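This is what each chain is made of:
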Amino acid sequence: MWGGRFAEGPAAVMREINASIPFDKRMWRQDVAGSRAHVTMLGERGIVSADDAAAIRDGLEQVAAGYAADGVPDDLAMEDIHMLTEARLSAAIGPAAGRLHTARSRNDQVATDFRLWVRDATDQVLAALDALDAALLARAEEHADSVMPGFTHLQSAQPVTLGHHLMAYHEMVSRDVSRFRDNRARGNLCPLGAAALAGTGFPIDRHATAAALGFDGPTRNSLDSVSDRDFALDYLMAAVQCSLHLSRLAEEFVLWASQPFGFVSLSDQWSTGSSIMPQKRNPDAAELVRGHAGRISGCLVSLMVTMKGLPLAYSKDMQDDKPPVFECHDLLAISIAAMTGMIESATFRTDRMRALAESGFATATDLADWLVREADVPFREAHHITGRAVARAEALACTLDKVPLADLQAIDARITDAVYGVLSVDASVASRRSFGGTAPDNVRAAIRAARG
Ligand code: ARG
């Protein structure tokens, strides 16, 4: 394809290090689509004849059919998917194939293909996040009233509901969706026609090719067009943040599925056994989602370091942009799908959650708040009084609402029988009606709002 000025072919290792076909063959659909749009525009502008344009379009369909039927071979001699497609086109239709690359370079071609690929990947992630969100909302609705311990420092803090807890993840997913949508909008410009780096003297119509490929318009600067990989970095950054959210949910499932917690049992379909310990039901998928977040972060770091300090315009370093993006996408897609499956099929042990919520003196804040509200005690003093009540409950080995009134009044005479109305976990969660709080009615309202 470029051998005119060379007397010798490349060394075997040169050929191997240069070749990207083993991974960029994944973009064959985008490559064919880009070429189709390009040659159609060349035909319309009279840069190639209508007959040649039609022959090239037919030939591209044949090449695509061959890829679809037999896959794309790792033909290192062809370097990359762009060269292989052109070689196949040439084999299919003869010399007219050589007109396809008029007013184009592989630099704008690969930038276009990759943008199309990342756009498709973004759409797939958005659809997957939609399914994850639907699962979260369904389980949250089911458990809007289910009391569980809320933690800070992983210490029992205040009772919340499981619905509220799951809705926290809905918020994270919503932010992920918004990030991927922003990326899609910002990156939806077409580099095709920037050619090698300087644009072209041929009377091309970049607006036409951009429109044909579903872009909002052409990119504005030819140098930036072939050297920009922000769209890929944006994808990776959104993916990293999404994977961090998934890893936190995964970690909670790992904790919750452990015997000391016992908050959840994962379905058989989402558990694995041990080859030696017959009793085991391990949460491997959750652990792998937690682990994949590390690898996904590595993909982002990889491309950031590749791009750092590269001069304009195209450098071959940039060929290394694709493996981390492809790897990241595969890891993210399977992580989202796995979390969705686990959430949909998990059995939440609400009896166990309630028992733990009741055992950790989690309504101590409610007692302090009651003193402030009903007896006009300053909060700091109420905090101290409540601390003594908790110590008394601990000494009696009972929950706060089981400490006899006489014991409470011995600590502070202003405490009356009415205090027991706020000491249950149900009363505690029901009282937290401030906007965004855990009260079941709030949770139901949040779910309604989320469903629009
Ligand atoms: N395989 C190359 C890549 O992935 C295509 C662009 C090559 N351009 C060039 N001038 N060598 O980046």
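Treat the numbers as computed from the prediction; the structure is a model and nothing was measured.

Caption draft 1: Structural detail: the UniProt feature "domain: Argininosuccinate lyase C-terminal" (unreviewed entry) in the chain. Under the present numbering, the feature "domain: Argininosuccinate lyase C-terminal" (unreviewed entry) in UniProt falls on residues 361-430. For the annotated span residues 361-430, helix accounts for 61% and strand for 0% of the residues, and the straight-line distance between the end C-alpha atoms is 17 Å.

Caption draft 2: Structural view of the state of the cysteines. All told, the structure shown has zero disulfides when counted by the stated rule. Cysteine Cys328 is unpaired, with the sulfur of Cys299 as its nearest cysteine sulfur at 5.3 Å. Exposure remark for Cys328: the relative accessible area of 0% places this residue in the buried category.

Caption draft 3: Main features of a nonpolar patch on the surface. The grouping of Met237, Val301, Met304 and Val305 at the surface amounts to a nonpolar patch, some 350 Å² of accessible area in total. Counting residues per element, the nonpolar patch draws most heavily on helix α11 (residues 284-307), which supplies three residues. By the element assignment, Val301 lies in helix α11. Classification of Val301 as partly exposed rests on a relative accessible area of 44%.

Caption draft 4: Expanded view of the site of the ligand. Taken together, the residues surrounding the ligand are Ser20, Asp24, Asp80, His82, Arg106, Asn107, Val110, Tyr314, Lys316, Gln319 and Lys322. Here an oxygen atom of the ligand sits 2.4 Å away from a polar atom, N or O, in the side chain of Tyr314. Taking Lys322, its side chain carries an N or O atom lying 2.8 Å from an oxygen atom of the ligand. Looking at which element gives the most residues to the shell around the ligand, the answer is helix α6 (residues 106-142), with three residues. Of the residues in the shell around the ligand, the class split is two nonpolar, four polar and five charged. Shared between two domains, the shell around the ligand takes at least three residues from each, and those domains are domain 1 (12-102) and domain 2 (107-145 + 158-201 + 213-349).

Caption draft 5: Spotlight on the domain arrangement of the chain. Taken domain by domain, the chain consists of domain 1 (12-102), domain 2 (107-145 + 158-201 + 213-349) and domain 3 (360-451). Each side of the interface is counted separately: domain 1 has 18 residues, and domain 2 has 16 residues. Between domain 1 and domain 2, roughly 1400 Å² of surface is buried when both sides are summed, and carbon and sulfur atoms account for 57% of that area. Two residues, Lys316 and Glu79, come together in a salt bridge whose shortest N-O distance is 3.5 Å. Where domain 1 packs against domain 2, one counts seven residue pairs in polar contact (both at pLDDT 80 or more). If one sorts the elements of the side of domain 1 that touches domain 2 by residue count, helix α3 (residues 28-44) sits on top with seven residues. When grouped by side-chain class, the residues that make up the side of domain 1 that touches domain 2 number six nonpolar, eight polar and four charged.

Caption draft 6: Representation of the nonpolar core in the model. Among the nonpolar cores identified, the biggest contains 68 residues, and Phe180, Tyr235, Phe253 and Leu332 are the most heavily contacted of them. Breaking this core down by element, the ones donating at least two residues are α6, α7 (162-186), α10 (230-257), α11, α12 (322-345) and α18 (440-451). By residue number, the principal contributor to this core is α10, which donates 15 residues. Those residues in contact with Phe253 that sit more than four places away from it in its chain are Val264, Leu266, Ala286, Met339, Met342, Ile343, Ala346 and Phe348.

Caption draft 7: Quick peek at the pattern of salt bridges. Using the criterion set out here, one finds 30 salt bridges in the structure. Note that Asp80 is salt-bridged to Arg106, the shortest N-O span being 2.7 Å. Of this pair, Asp80 sits in the loop between α4 (50-70) and α5 (81-93) while Arg106 sits in helix α6; the two residues are 26 residues apart in sequence, bridging distant segments of the chain. When salt bridges that share partners are traced, they join Glu79, Asp80, Arg106 and Lys316 into one network.

Caption draft 8: Main features of the pairing of strand β1 (residues 147-152). In the sheet, β1 pairs with strand β2 (residues 155-161) via six bridges, with the strands oriented antiparallel. Following the sheet pairing, Gly150 is matched in β2 by Gln158. A loop of two residues connects β1 with β2, the two strands running antiparallel in sequence, and His153 in this loop sits at a positive phi of about 55 degrees.

About the cut-offs
Residue numbering note: each chain is counted from 1, following its sequence as written. Local features in this predicted model are restricted to residues whose pLDDT is 70 or higher, and side-chain atom pairs enter the listing and the counts only when it is 80 or higher, whereas totals over whole chains, interfaces and linings include all residues. To obtain the side-chain values, all non-hydrogen atoms of the structure were included, while hydrogens and water were left out. UniProt positions are given in the numbering used here, feature names are shortened, and annotations may be inferred rather than shown by experiment. Runs of H or I in DSSP of at least four residues are treated as helices and runs of E of at least two as strands, each being numbered from the N terminus. Note on disulfides: each one is a pair of cysteine sulfur atoms within 2.5 Å. Buried means the residue's accessible area, taken with a 1.4 Å probe over protein chains only, is under 20% of the maximum for its type, while exposed means over 50%, and partly exposed covers the values in between. Patch rule: a residue counts if its relative accessible area is over 30% and it has no salt bridge; like charges are joined within 9 Å, and nonpolar side chains (Val, Leu, Ile, Met, Phe, Trp, Tyr) within 5 Å. Calculation of accessible area relied on Shrake-Rupley with a 1.4 Å probe; when residues are assessed, cover is drawn exclusively from the protein chains displayed. Any carboxyl oxygen of Asp or Glu that lies within 4 Å of a side-chain nitrogen of Lys or Arg is treated as forming a salt bridge with it. The near set for a molecule or strand comprises every residue that places at least one heavy atom within 4 Å of it. Polar contacts here mean pairs of N or O atoms no more than 3.5 Å apart (in protein, one a potential hydrogen donor and the other a potential acceptor; neighbouring residues in sequence count only if both atoms are side-chain atoms). Three classes are used, and their members are as follows: Ala, Val, Leu, Ile, Met, Phe, Trp, Tyr, Cys and Pro are nonpolar, Asp, Glu, Lys and Arg are charged, and the others, Gly among them, are polar. As annotated, the domain borders come from an automatic or database domain assignment. Residue contacts are defined here by distance: any two heavy atoms, one from each residue, within 4.5 Å place the two residues in contact. Throughout, the accessible surface (probe 1.4 Å) given up by two parts as they are put together, summed over both, is called the buried area. Here the nonpolar core consists of buried residues drawn from Ala, Val, Leu, Ile, Met, Phe, Trp, Tyr and Cys, with membership extended through side-chain atoms lying within 4.5 Å. Strand pairing is assigned whenever DSSP identifies at least 2 bridges connecting the two strands.

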